[in-house]
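A closer look at the structure
Residue-level listing of the chains:
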There are 2 protein chains.
Amino acid sequence: MNIILLSGGSGKRLWPLSNDIRSKQFIKIFRTGCGEYESMVQRIYGQIRRVDPKATVTVATSKSQVSSLHNQLGEEVSICVEPCRRDTFPAIVLATAYLQDVLGVSEKEPVVVCPVDPYVEDDYFEAVKKLSELAGQGESNLVLMGIEPTYPSEKYGYVIPEQKGALSRVATFKEKPDVRTAEEYISQGALWNGGVFAYRLGYVLSKAHELIDFVGYQDLYDNYRTLNKISFDYAVVEKESRISVMRFGGSWKDLGTWNTLTEAMEEPSIGKAILNDNCENVHVVNELDVPVLCMGLKNAVVCASAEGILVSDKEQSSHIKPYVDEISQQIMFADKSWGSFRVLDVEDESMTIKVTLNPGHRMNYHSHERRDEVWTVISGRGRAILDEREQEIAAGDVLRMNAGCRHMVIAQTELKMIEVQLGREINVHDKIKHAFPEKA
Amino acid sequence: MNIILLSGGSGKRLWPLSNDIRSKQFIKIFRTGCGEYESMVQRIYGQIRRVDPKATVTVATSKSQVSSLHNQLGEEVSICVEPCRRDTFPAIVLATAYLQDVLGVSEKEPVVVCPVDPYVEDDYFEAVKKLSELAGQGESNLVLMGIEPTYPSEKYGYVIPEQKGALSRVATFKEKPDVRTAEEYISQGALWNGGVFAYRLGYVLSKAHELIDFVGYQDLYDNYRTLNKISFDYAVVEKESRISVMRFGGSWKDLGTWNTLTEAMEEPSIGKAILNDNCENVHVVNELDVPVLCMGLKNAVVCASAEGILVSDKEQSSHIKPYVDEISQQIMFADKSWGSFRVLDVEDESMTIKVTLNPGHRMNYHSHERRDEVWTVISGRGRAILDEREQEIAAGDVLRMNAGCRHMVIAQTELKMIEVQLGREINVHDKIKHAFPEKA
């Protein structure tokens, strides 16, 4: 099975866990068998590998997610990077061309496109595999997965099949309806459109060549910025007559809001939390080191992270976006290609952060124009290079870099440092990258 | 007016603002006229000064509160320190002897004893002044303030007066009753006993000499540990027949729980907070740098501090104590005689804290046996002494103290430092104090 996982952009609906630089699919919130936590993307990746160990999985995403994907799925995961956002048609065409030119998938082979964020069980990927096989048989140009509705939702588009069987030609598509209309659709046998579909690779490429003048993956990548924004639904799905829908009746949840996300949590709390006996239907996600105490709450979600604290009635939590838009966000935590950082303290003329470098990783060789920095290594060991001079460093070492000093660290083990930034204009944009010194 | 303010111990009922080392009376939660916030003790001290600018105010408290009292009320505030806890009779006798021997108050002068934590308006201290005058007239040995009950509370003791007038002899005292009994008392004209009373200084001293063998204040202080624990009510009040009660009908609130404390807040939130329109009767106190977002909550209090986060139904918040007892508290923030500290990060073999020294203050000259420390000065200037060697320090300076190194800082301006502690056994008890070096 060749599968393209569409890993969408940042979202504010799960603030303070998700924000401009941290997407919901990377939040570690699901219990694994061995008592650890994993993220949506880790969960889905594991499920695919379990159902089809030979699956070719490619994540189609933006550059900003590459570090997080490598951190969570390993360095070997196949990633097709969109140079900029151009809606789903260009993104799917780019990933399809990537499959052909980079991974060597042939025109006859089926490809499945699937969002990265549904909360499902393994039977879902059994169905995805079946979808792929159906597309490979070529009787339809497109085969969609239709999810049996559990309630008349206003959040999803609907697919109305011609017949009631497991597989049917599509009669028509319907946009997100109001509840009453949704009830009518469901009485007509409509299914939710979960955004999962399969096709033969050559089919999408021929559609692409009708609309875009390009040679292959690299050419498309280089000229991606010039493409028009257009959705795959509009460009392809709605115009296709040889299109079928396969019914899926298993468990499927869209974890886009706190309300639905907490339904997928196996325990009432993650992190340090105390809930008294008078709490009912309360979920706590606490990423801080200090405890959260909840008393007498009903139908509420509490989430505390380095970015802020949410306390919300579960129903109302879906209306969070405008409030988060108001919050001017100093990013307090970020995953990077080399590890992570967390802001510990902000003053007018200083900022203190904790830097964690993953074993074997290094930061860019860089300098700052308007700030000095002091590193105190608190654990691990590695090598630092300051103005081309290399030195071994370990817990307890203190390094001072004045403005202009070129510096970097290579971690041998996991290496943690407290970095104190000092200056009148501390700014993430004050960073000049330099070529790595030869000895590094 | 000579007034003794009883400043009681730490409390957990307002966790995470109050805890083992931070008492509720020091929490800055009340708006002043000029848009700042002040604490209970600051508010009450200002009210007394307004009503009687010449009042002699002495705070009777334990050693642990001396720093906070000086920080909040200034260096000149009169403080009578109890060497250890011995209940209210010894504490009031000690403070009364302090008034005589240290402040030179004569035996005939009236003294008022008042708890530090009622939330009242200026008319309350007008009444306290009147109480003092009545005691000075000497018709009764003790004059109590009786607060007109606003509901049949189970939280207070009751005083039943002989007559209904403004001033009356006390018929009898009643312990905290159940609601039904409280209703009966109130129908008989009972008043709440708010713990405020006045006497002539010589009266309490003579009672004291009947029960305790001591010469004067210093002798009592030196032998304080040997005294029996006994309450002033039991030792004096309940045995006194020449005792009156003065009725007070003004505003009086006891801010011992989140439920009552939030009633005294003028605004729904202190600190960074967003409450959506669907919140009803919600109060937020946020001492953190990141925002709290509340959506669709009813009758709730949210409090976030460096120690933890409380989210509670207001009614239930009064039952907080057993839950806070469960929380093993690493103290994350503390006011000290010289400034304050805040824990920023805790790892197995390091701890990072932010230290703020007030201008003109210095820390003890000390060393640690099992940890190294690194200071990075982030603002201000002062002088540091490391192993008797003195140096000027200012923002940007980095100092490293290995285990065993004697060190201290004297702040010239407000001085802030990031202190990284490094070692396998980081512990507050690993601190050896040394005599100040001569040059300091």
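Please refer to the structure placed before this passage.
Throughout what follows, the structure given in this document is the object of discussion.

1. Structural notes on the overall build of chain A
Looking only at helices and strands, one finds 10 helices and 30 strands in chain A. In terms of C-alpha radius of gyration, chain A reaches 24 Å, essentially the compact-globule figure of 22 Å for 440 residues. When the backbone C-alpha atoms are referred to their principal axes, chain A occupies close to 70 × 60 × 40 Å. When burial is assessed residue by residue, chain A has 55% of its 440 residues classed as buried. In chain A, 66% of the contacts between residues at least 6 apart in sequence involve partners at least 24 apart. Per element, the accessible surface of chain A, about 19000 Å² overall, is 45% carbon and sulfur. Taking the average location of the 50 positive side-chain charges in chain A and that of its 63 negative ones, the two points are 2 Å from each other.

2. Considerations on the pattern of salt bridges
All told, the structure shown has 40 salt bridges over all chains when counted by the stated rule. Close ionic contact of Glu148(A) with Arg247(A) constitutes a salt bridge, the shortest N to O distance being 3.2 Å. Highlighted residues: Glu148(A) in the loop between β8 (142-147) and β9 (158-161) and Arg247(A) in strand β12 (residues 243-248), separated in sequence by 99 residues. Judged by its relative accessible area of 33%, Glu148(A) is partly exposed. With its nearest N and O atoms 2.4 Å apart, the salt bridge here joins Arg383(B) to Glu390(B). In this structure Glu390(B) comes out as partly exposed when scored by relative accessible area, which is 31%. A single salt-bridge network, built from bridges that share partners, covers Asp345(A), Glu347(A), Lys354(B) and Lys416(B).

3. Remarks on the interface of chain B and chain A
You'll often see interface size given as the accessible area lost when the parts meet. Every contact between the two is made by 51 residues of chain B and, on the other side, 51 residues of chain A. Interface area, chain B with chain A, both sides summed: about 4100 Å², of which 66% is carbon and sulfur. Put simply, chain B and chain A have six salt bridges between them. Taken together, the connections running from chain B to chain A amount to 22 residue pairs in polar contact (both at pLDDT 80 or more). Among the elements that line the side of chain B that touches chain A, the one with the most residues is strand β19 (residues 308-313) of chain B, at six residues. Split into classes, the residues belonging to the side of chain B that touches chain A amount to 29 nonpolar, 12 polar and 10 charged. Note: strand β19 (residues 308-313) of chain A against strand β17 (residues 292-295) of chain B, four bridges, orientation parallel. Opposite Ile309(A), over in β17(B), you have Val292(B) as the bridge partner.

4. Points about the state of the cysteines
One pass over the full model with this rule turns up zero disulfides over all chains. Its sulfur unpaired, Cys303(A) is 11 Å from the next cysteine sulfur, which belongs to Cys294(A). For Cys303(A), a relative accessible area of 0% puts it in the buried group. Cys84(B) takes part in no disulfide bond, and the closest cysteine sulfur, belonging to Cys80(B), lies 12 Å away. Residue classification places Cys84(B) among the buried residues on the basis of a relative accessible area of 14%.

5. A short note on the packing of aromatic side chains
A full pass over the atoms with the stated rule returns 28 aromatic pairs over all chains. Seen from their ring centres, Tyr217(A) and Tyr221(A) are 6.0 Å apart, and the 45° between their planes marks the pair as tilted. Separated by four residues within a single helix, Tyr217(A) and Tyr221(A) lie in helix α7 (residues 217-222), roughly one turn from each other. Note on Tyr221(A): relative accessible area 29%, which makes it partly exposed. Aromatic side chains Tyr124(B) and Phe125(B) sit 5.0 Å apart centroid to centroid with 85° between the ring planes, which places their arrangement in the edge-to-face category. For the pair shown, Tyr124(B) and Phe125(B) are each scored as buried. What links up through ring pairs into an aromatic cluster is the set Phe89(A), Phe197(A), Tyr199(A) and Phe232(A). Over the ring of Phe30(B) we find Arg43(B); its NZ or CZ atom is 5.8 Å from the centre of that ring. For Lys239(B), the ring lying beneath its charged end belongs to Tyr234(B), and the centroid distance is 4.4 Å.

Definitions and limits used
- Residues numbered from 1 in each chain as written.
- Chains lettered and ligands numbered in written order.
- Predicted model: local features only at pLDDT ≥ 70, side-chain atom pairs only at ≥ 80, totals over all residues.
- Heavy atoms only, no water.
- Helix = DSSP H or I, 4+ residues; strand = E, 2+ residues; numbered from the N terminus.
- Rg over C-alpha atoms; globule rule 2.2 N^0.38 Å.
- Buried < 20%, exposed > 50% of the residue type's maximum accessible area, 1.4 Å probe, protein only.
- Contact = heavy atoms within 4.5 Å.
- Areas by Shrake-Rupley, 256 points an atom, 1.4 Å probe, with all protein chains shown as cover.
- Lys, Arg positive; Asp, Glu negative; His and termini not counted.
- Charge placed at Lys NZ, Arg CZ, Asp CG, Glu CD.
- Salt bridge = Lys/Arg side-chain N within 4 Å of Asp/Glu carboxyl O.
- Buried area = accessible area lost by both parts, 1.4 Å probe.
- Polar contact = N/O pair within 3.5 Å; in protein donor to acceptor, adjacent residues only side chain to side chain.
- Nonpolar A, V, L, I, M, F, W, Y, C, P; charged D, E, K, R; others polar.
- Pairing = 2+ DSSP bridges.
- Disulfide = S-S within 2.5 Å.
- Phe/Tyr/Trp six-rings, centres within 6.5 Å; stacked < 30°, edge-to-face > 60°.
- Lys NZ or Arg CZ within 6 Å of the ring centre and 35° of its normal.

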